[in-house]
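Okay, here's what each chain looks like letter by letter:
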Amino acid sequence: MEPVFRTLEIAAGLARRVVGTKISFHGLDNMPTRGGAVIAINHTSYIDFLPAALAATERRRRMRFMIKAEMQEVKFINFLIAHSGTIPVDRTAGAGAYAVAVQRLREGELVGVYPEATISRSFELKEFKSGAARMALEAQVPLIPMIVWGAHRMWTKDHPKRLGRNKIPITVVVGAPLPPVGHAGQLETTLRTSMTTILHDVQARYPHPAGAYWVPKRLGGGAPTLTEAKLLDEAELAQRARKRSDHQ
């Protein structure tokens, strides 16, 4: 039953109704109703895990996310991690989390992974890490692409939160499962191609007013390009490094 997880599911459903968010799900049949699978999700928002998790709920499944271990420093979040099957990842030594994720997959769980690792400021797909493909191959489970679009309008990097009753629509698309065959590089390339195709289709169908900060530059929006976003990411990392150095 997992009472903490069930409480989170109820709370997410209530929050969805309170803020008036309409989430459109597509391709849910591509998510298995039983057995393990790696769910590879694009990353544009601090809250895009919620629509992804609700997609699993629609299939009467629960998704176990991999998140950065630093979140355990927050007592309440650490409690949720410990009671929801979430897999904390120490980015300086991720082998332990990787092994846990593979074991969960072999036990028949859905494991949610962000191949980009961090939020994309450009709202395009960044470079991928190889973990999602390697886990699918090692556990011999399908690798399933998922695109979440719209959540970044509510809370993303460099912009204020809009978590009130804003009725911002969100689209979730689950792509066709990729079989765990070949080597990791090949599977990662296939995954990226699939996710790019789905993302571009979703973006084209979603209203994208010219100049809006949440619209990719490619579509006439105000978001930075991938190159510009990479420079912003590098500046952010450098600032964090300086802060750590100042506190030593």
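Per an unreviewed UniProt entry, the chain carries the name Lysophospholipid acyltransferase family protein and comes from [Mycobacterium] burgundiense.

Colleague: Can you lay out the pairing of strand S7 (residues 170-174) for me, pointing to particular residues and giving the numbers?
Modeller: Most of S7 is tucked away: 5 of the 5 residues are buried. Covered by surrounding structure in S7 are Ile170, Val172 and Val174 together with Thr171 and Val173, the residues of both alternating faces. Across 4 bridges, the pairing between strand S1 (residues 23-26) and S7 is parallel. Within S7, the position partnered with Phe25 by the bridge is Val172. Here strand S6 (residues 143-149) pairs with S7 via 4 bridges, running antiparallel. Counterpart to Trp149 in the pairing with S7 is Thr171.

Colleague: Lay out the nonpolar core with the relevant residues and their values.
Modeller: If you look at the biggest cluster of nonpolar residues, it comprises 65 residues, and the most contacted ones within it are Val38, Ile41, Met66, Met135, Leu143 and Met146. The element best represented in this core is helix H6 (residues 184-205), accounting for 7 residues. Residues within four places of Leu143 in sequence aside, it is in contact with Val38, Ala40, Ala132, Ala133, Ala136, Ala176, Pro177, Leu178, Leu187 and Leu191.

Colleague: Can you break down the pattern of salt bridges residue by residue, with the values?
Modeller: The full count for this structure, using the stated rule, is 10 salt bridges. The closest approach of N and O atoms between Asp233 and Arg121, which form a salt bridge, is 2.5 Å. One end of the pair, Asp233, is in helix H7 (residues 226-246); the other, Arg121, is in the loop between strand S5 (110-113) and helix H5 (131-139), with 112 residues separating them in the sequence. For the pair shown, Asp233 and Arg121 are each scored as buried. Among the ionic pairs, Arg218 bridges to Glu124, the shortest N-O distance being 2.9 Å. Highlighted residues: Arg218 in the loop between H6 and H7 and Glu124 in the loop between S5 and H5, separated in sequence by 94 residues. Several salt bridges share partner residues, and in doing so they unite Arg121, Lys126, Lys157, Asp158, Asp233, Glu236 and Arg240 into one network.

Colleague: Please provide a residue-by-residue account of the packing of aromatic side chains, values included.
Modeller: Tallied over the entire structure, the rule returns 3 aromatic pairs. Note on Phe49 and Phe65: the rings are 6.2 Å apart at their centroids and 80° apart in plane angle, and the pair reads as edge-to-face. Linking Phe49 in helix H2 (residues 49-58) with Phe65 in strand S3 (residues 63-68), this pair joins segments that are 16 residues apart in sequence. The class for Phe65 is buried, based on a relative accessible area of 9%.

Colleague: Give a detailed account of H5, specifying residues and quantitative values.
Modeller: Within H5, 7 of the 9 residues are buried, which leaves it mostly tucked inside the rest of the structure. Along H5, the positions that sit buried rather than exposed are Gly131, Ala132, Ala133, Met135, Ala136, Leu137 and Ala139. Just downstream of H5 lies Gln140, where phi reads positive at about 55°.

Colleague: Describe helix H4 (residues 95-106), listing the residues and the values that go with them.
Modeller: Its 12 residues place the ends of H4 17 Å apart at the C-alpha level, agreeing with the 16 Å of an ideal helix rising 1.5 Å per residue. What H4 keeps buried is the set Ala97, Tyr98, Ala101, Val102 and Leu105. Across the axial projection of H4, the buried residues extend over an arc of 140°, all falling on one side. Directly beyond the C-terminal end of H4, a positive phi value near 95° is found at Gly108.

Colleague: Kindly report on unusual backbone geometry, identifying the contributing residues and their values.
Modeller: One non-glycine residue, Arg60, adopts positive backbone phi at about 55°. The class for Arg60 is exposed, based on a relative accessible area of 79%.

Colleague: Any chance you could break down the packing of H4 against H5 for me, citing the residues and the numbers?
Modeller: For the pair H4 and H5, interaxial distance at closest approach is 9 Å and the crossing angle is 45°. As the angle between them shows, H4 and H5 are arranged oblique. Crossing angle aside, the handedness with which H4 passes H5 is right-handed. Seen from H4, the contacting residues are Tyr98, Ala101, Val102, Leu105 and Arg106; seen from H5, they are Gly131, Arg134, Met135, Glu138 and Ala139. For the contact of H4 with H5, the residue count by class is 6 nonpolar, 1 polar and 3 charged.

Conventions used here
Residues numbered from 1 in each chain as written. Predicted model: local features only at pLDDT ≥ 70, side-chain atom pairs only at ≥ 80, totals over all residues. Heavy atoms only, no water. Buried < 20%, exposed > 50% of the residue type's maximum accessible area, 1.4 Å probe, protein only. Helix = DSSP H or I, 4+ residues; strand = E, 2+ residues; numbered from the N terminus. Pairing = 2+ DSSP bridges. Core = buried A, V, L, I, M, F, W, Y, C linked by side-chain atoms within 4.5 Å. Contact = heavy atoms within 4.5 Å. Salt bridge = Lys/Arg side-chain N within 4 Å of Asp/Glu carboxyl O. Phe/Tyr/Trp six-rings, centres within 6.5 Å; stacked < 30°, edge-to-face > 60°. Expected span 1.5 Å × (residues − 1). Arc of directions from axis to C-beta. Axes fitted to C-alpha atoms, helices over the stretch in contact; angles between N-to-C directions. Parallel < 35°, antiparallel > 145°, perpendicular 65-115°, else oblique. Left-handed = near helix turned anticlockwise from the far one by under 90°. Nonpolar A, V, L, I, M, F, W, Y, C, P; charged D, E, K, R; others polar.

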